[in-house]
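For reference, the chains in residue letters:
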Amino acid sequence: MIGNVIGVPGSLLERIERDGAAADIGPDPEPIAAAPEELIALLRRAATALPDESASLAAWDEAGTCHTPELLDAARSALTRFTFLSFLKAVPRRKLRNAARLALRTTRHAGSLRLAAAFVGELGDRPDVPALEAIARHPAMTLHGATALANLIDWHGRLALLRLLASTDGDQRVLVIDRLLPHAKQAAVRLALVRDAVPGLSEAHAAEVAADIAGICRCGELADDPDVTADVRAGARAVIAAATRSASRS
């Protein structure tokens, strides 16, 4: 059984876990043009090839050369979303999850790792959080790692995003904030966004996120609320100031 996602020698995941943001992820060529049906067929082949791990990884690595964001969304929808009578040609979610986990821990190719992260985020659970968090810490992988953590059903995915919020900057933090905003109904997420999102960001990066944080987290109410702590009030005011500066330049 493919369980906890642990890197193996020579894998891209192992390099990222060892070297963090400095990891050399190798060349990142332009994706080969493909129809959605081709990508879906390759992923089906990767899932149904198990328990032959070599055949599964080979199919996944081929899929990793031909996916774009649009193709990835189409494949995720086709393979993981239930539709009427979809069971007639569906790949069992368990097999697809296991193929994605296998690719996540063994592939040496950036495109395959991004693709695997997307499906692990859709189908995985708590044991997958450490690997996805490690992937999200690499600047070239933050989009896919943070998105996977946001989609993960287990709440530890959100905890990982909160850790990333506190340890990233610039474009990386903007991506993390964007993935946290849909979860702002959760008190811990809302608190972190108000208090920790804007401090340390450049004006340009703060302008990208401040208005959304201010509106979704009701910073106008928090800025002068005597019932919240001083750091929350200060954070709310910083968010409002950044949003105001951004609006004045629009």
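The preceding data block contains the structure.
About the criteria used
Residues numbered from 1 in each chain as written. Predicted model: local features only at pLDDT ≥ 70, side-chain atom pairs only at ≥ 80, totals over all residues. Heavy atoms only, no water. 1 Å grid on protein atoms, 1.4 Å probe; cavity = no way out; pocket = protein on both sides within 12 Å on 5 of 7 lines; lining within 4 Å. Points joined across faces, edges and corners; volume = space filled by probe spheres on them. Helix = DSSP H or I, 4+ residues; strand = E, 2+ residues; numbered from the N terminus. Disulfide = S-S within 2.5 Å. Buried < 20%, exposed > 50% of the residue type's maximum accessible area, 1.4 Å probe, protein only. Nonpolar A, V, L, I, M, F, W, Y, C, P; charged D, E, K, R; others polar.

**Q** For the layout of surface pockets, give the residues involved together with the corresponding values.
**A** With a probe scaled to a water molecule rolled over the atoms, the places where space remains empty come into view. Space inside the largest pocket adds up to approximately 700 Å³. Lining the largest pocket are 35 residues; nearest its centre among them are His67, Leu72, Gly111, Arg114 and His144. Broken down by secondary-structure element, the contributors of at least two residues to the lining of the largest pocket are helix H4 (69-80), helix H6 (110-123), helix H8 (142-151) and helix H10 (170-180). If one sorts the elements of the lining of the largest pocket by residue count, H8 sits on top with 6 residues.

**Q** Can you tell me about the state of the cysteines, naming the residues and giving the values?
**A** According to the stated counting rule, one finds 0 disulfides in the structure shown. Note on Cys217: no disulfide assigned, nearest cysteine sulfur contributed by Cys219 at a separation of 5.6 Å. Given a relative accessible area of 1%, Cys217 falls into the buried group.

**Q** Describe empty space enclosed by the protein, with residues and values.
**A** Scanning the model with the defined rule gives 1 cavity of 30 Å³ or more in all. Of the volumes computed, that of the largest cavity is approximately 40 Å³. In this structure, the largest cavity is lined by Glu203, Ala206, Ala207, Ala242, Arg245, Ser246 and Arg249. Those elements giving two or more residues to the lining of the largest cavity turn out to be helix H12 (203-216) and helix H14 (230-249). With 4 residues, the single largest contributor to the lining of the largest cavity is H14. Split into classes, the residues belonging to the lining of the largest cavity amount to 3 nonpolar, 1 polar and 3 charged.

Everything listed here is a matter of geometry and, on its own, says nothing about what the molecule does.
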